[in-house]
Amino acid sequence: QVQLVESGGGLVQAGGSLRLSCAASGRTFSNYAMGWFRQAPGKEREFVAAISRIGSSTNYPDSVKGRFTISRDNAKNTAYLQMNSLKPEDTAVYYCVATYTSSYYYTFLSGSRYEYWGQGTQVTVSS
C-alpha cells in the first residue's frame with residue numbers, strides 16, 4: 001500500500017510555470033514507477049508523464065512534450081511535474097499515480113496499469 005498526496009496546483013497565466021509535487025508514503029518509494037494524469041470536466045482522462053523507478057526513462061505525450069518534465073527524488077519519496085509554457089488547455093485536475101514494478105527501466109502509459117492514485121490537485125491556466 002502507498003499513499004500519494006499532490007500539491008503545487010493553482011492559478012497561473014498562460015505562458016507561466018508551475019511545479020507539482022507528489023509525496024508518497026507507505027512502501028519503499030524506489031520500488032514504484034510513477035506518473036501523472038490529468039482530467040478536465042467533460043473530457044477523458046489523459047496521460048501526462050511517466051518515469052521509471054530510478055528515473056532513467058521518461059515518457060510524455062505530444063501534447064506536453066518539450067513543456068513538461070517529470071522527475072523524482074527517491075531519497076525524499078517525492079515525484080515532481082515541472083510545467084512550463086502553460087496553455088489554457090492544460091487546465092485540469094492533475095493526479096499523481098504509482099505502480100509497483102520489478103523493472104528499473106519501464107514506464108507505463110495506461111491509467112489501468114497504475115495501482116495507486118492521489119486525490120488530485122487543480123491547475124487552472126488563464127488566457
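Below: a short report on this structure.

## Topic: the overall build of the chain
Item 1. When you go through the chain residue by residue, the secondary structure sums to zero helices and eleven strands.
Item 2. Reading the chain from its N end, one meets helices and strands in the order β-β-β-β-β-β-β-β-β-β-β.
Item 3. The globule rule puts the C-alpha radius of gyration for 127 residues at 14 Å, and the 13 Å found for the chain is close to it.
Item 4. Taking all 127 residues of the chain together, the buried fraction comes to 45%.
Item 5. Here the analysis covers contacts within the chain between residues at least 6 apart in sequence; of these, 62% occur between residues at least 24 apart.
Item 6. Surface accessibility of the chain: about 6,300 Å² in total, with carbon and sulfur atoms responsible for 46%.
Item 7. Of note, the chain has its 12 positive side-chain charges centred 6 Å away from the centre of its 8 negative side-chain charges.

## Regarding the nonpolar core
Item 1. Among the nonpolar cores identified, the biggest contains 30 residues, and Leu4, Met34, Trp36, Phe68, Leu81, Met83 and Tyr94 are the most heavily contacted of them.
Item 2. Secondary structure elements with two or more residues in this core: strand 1 (2–7), strand 3 (18–26), strand 4 (32–39), strand 5 (46–51), strand 7 (68–73), strand 8 (78–83), strand 9 (92–100) and strand 11 (121–126).
Item 3. Not counting residues up to four positions away in its chain, the partners in contact with methionine 83 are Gly16, Ser17, Leu18, Leu20, Arg67, Phe68, Tyr94 and Val123.
Item 4. Counting seven residues, the second largest nonpolar core, distinct from the first, contains Ala33, Ala50, Val97 and Tyr114.

## Quick notes on the pattern of salt bridges
Item 1. Tallied over the entire structure, the rule returns four salt bridges.
Item 2. One salt bridge connects glutamate 46 with arginine 38, and the closest N-O pair in it is separated by 2.8 Å.
Item 3. Residue lysine 65 pairs with aspartate 62 through a salt bridge whose shortest N-O separation is 3.5 Å.
Item 4. With relative accessibility at 48%, the residue lysine 65 sits in the partly exposed group.
Item 5. Because the salt bridges share partners, they merge into one network encompassing Arg38, Glu46, Arg67 and Asp90.

Thresholds applied
- Residues numbered from 1 in each chain as written.
- Predicted model: local features only at pLDDT ≥ 70, side-chain atom pairs only at ≥ 80, totals over all residues.
- Heavy atoms only, no water.
- Helix = DSSP H or I, 4+ residues; strand = E, 2+ residues; numbered from the N terminus.
- Rg over C-alpha atoms; globule rule 2.2 N^0.38 Å.
- Buried < 20%, exposed > 50% of the residue type's maximum accessible area, 1.4 Å probe, protein only.
- Contact = heavy atoms within 4.5 Å.
- Areas by Shrake-Rupley, 256 points an atom, 1.4 Å probe, with all protein chains shown as cover.
- Lys, Arg positive; Asp, Glu negative; His and termini not counted.
- Charge placed at Lys NZ, Arg CZ, Asp CG, Glu CD.
- Core = buried A, V, L, I, M, F, W, Y, C linked by side-chain atoms within 4.5 Å.
- Salt bridge = Lys/Arg side-chain N within 4 Å of Asp/Glu carboxyl O.

Read these as geometric descriptors, not functional statements.
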